[in-house]
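# A closer look at the structure
Listed below, chain by chain, are the residues.
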Amino acid sequence: MIRRLSGLQLDVIHLFRDALRYAKTKPPEVEAGIRTFLRSEFDKNCTGLKKTEFMRIEYLLRRGKKQLKQAKQTNISGIGFSTAK
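Residues numbered from 1 in each chain as written. Predicted model: local features only at pLDDT ≥ 70, side-chain atom pairs only at ≥ 80, totals over all residues. Heavy atoms only, no water.

### Looking at the nonpolar core
In globular proteins that are soluble, nonpolar side chains generally tend to be buried together. Definition in use: Here, nonpolar core refers to any group of buried Ala, Val, Leu, Ile, Met, Phe, Trp, Tyr and Cys residues whose side-chain atoms link them within 4.5 Å. Each residue's exposure class comes from its accessible area (1.4 Å probe, protein chains only) as a fraction of the maximum for that residue type: buried when under 20%, exposed when over 50%, partly exposed otherwise. Secondary structure follows DSSP: runs of H or I at least 4 residues long count as helices, runs of E at least 2 residues long count as strands, and numbering of each begins at the N terminus. Every residue pair with non-hydrogen atoms within 4.5 Å of one another is taken to be in contact.
By size, the foremost hydrophobic cluster in this structure holds twelve residues: Leu8, Leu15, Ala19, Tyr22, Ala23, Val30, Ile34, Leu38, Ile57, Leu61, Leu68 and Ala71. Listing elements by their share of this core, those giving two or more residues are helix H1 (7-24), helix H2 (28-46) and helix H3 (54-73). Ignoring anything within four residues of it in the chain, the contact list for Ala19 reads Leu38 and Leu68.

### A word on H3
Owing to its 3.6 residues per turn, the α-helix brings residues three or four apart onto one side. Convention followed: Here the expected length of a helix is defined as 1.5 Å per residue gap, with one fewer gap than residues. Within this analysis, the arc is defined by the directions that extend from the helix axis to the C-beta atoms.
With 20 residues, H3 ought to run about 28 Å at 1.5 Å a step, and its terminal C-alpha atoms sit 28 Å apart, in line with that. Of the residues making up H3, those classed as buried are Ile57, Leu60, Leu61, Gly64, Leu68 and Ala71. Looking straight down H3, one finds its buried side chains confined to an arc of 105°; they lie on one side. The exposed set on the far side of H3, more than 90 degrees from its buried face, consists of Met55, Arg62, Lys66, Lys69 and Gln73. The inward-facing, buried residues of H3 abut H1 and H2.

### A closer look at the packing of H1 against H3
What counts is decided by this rule: Axes here refer to lines fitted to C-alpha atoms; in helices the fit is confined to the stretch in contact. Angles between the N-to-C directions go from 0 to 180 degrees. Roughly parallel means an angle under 35 degrees; roughly antiparallel means over 145; roughly perpendicular covers 65 to 115; every other angle is labelled oblique. Handedness of a crossing follows from how the near helix is turned relative to the far one, being left-handed for an anticlockwise turn of less than a right angle and right-handed for a clockwise one. Gly is put with the polar residues, along with every residue not named as nonpolar or charged; the nonpolar set is Ala, Val, Leu, Ile, Met, Phe, Trp, Tyr, Cys and Pro, and the charged set is Asp, Glu, Lys and Arg.
Where H1 contacts H3, the two axes come as close as 11 Å, and the packing angle between them is 20°. Taken together, the axis directions place H1 and H3 in an arrangement best described as roughly parallel. You can see that H1 and H3 cross each other, and the crossing is left-handed. Facing H1, whose interface residues are Leu8, Asp11, Val12, Leu15, Asp18, Ala19 and Tyr22, H3 presents Phe54, Ile57, Glu58, Leu61, Gly64, Lys65, Leu68, Ala71 and Lys72. When the residues that make up the contact of H1 with H3 are grouped by side-chain class, the tally is ten nonpolar, one polar and five charged.

### Digging into H1
The first and last C-alpha atoms of H1 sit 26 Å apart over 18 residues, in line with the 26 Å expected at 1.5 Å per residue. Listing the buried residues of H1 in full gives Leu8, Leu15, Ala19, Tyr22 and Ala23. Along the long axis of H1, the arc covered by the buried residues comes to 105°, so they all point the same way. Buried positions along H1 lie against H2 and H3.

What follows is the structure, given as structure tokens:
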């Protein structure tokens, strides 16, 4: 039996796929950095997040969509980030 995804789960998947499509438009070395950034952001934000925390999930979706929109509007030549140890 196939489990149906909720609307929020579908929104998260769509955001991630849109961001990956955006990364594909960049040169390979920049694309790799964007992919690494995306993976780390999604991993960081899903750690300890319960499916029932709708307000937090909606906030993170809004923030992600806004960041993607900003990235698309400007000419991004690369992404740099640091990880806390």
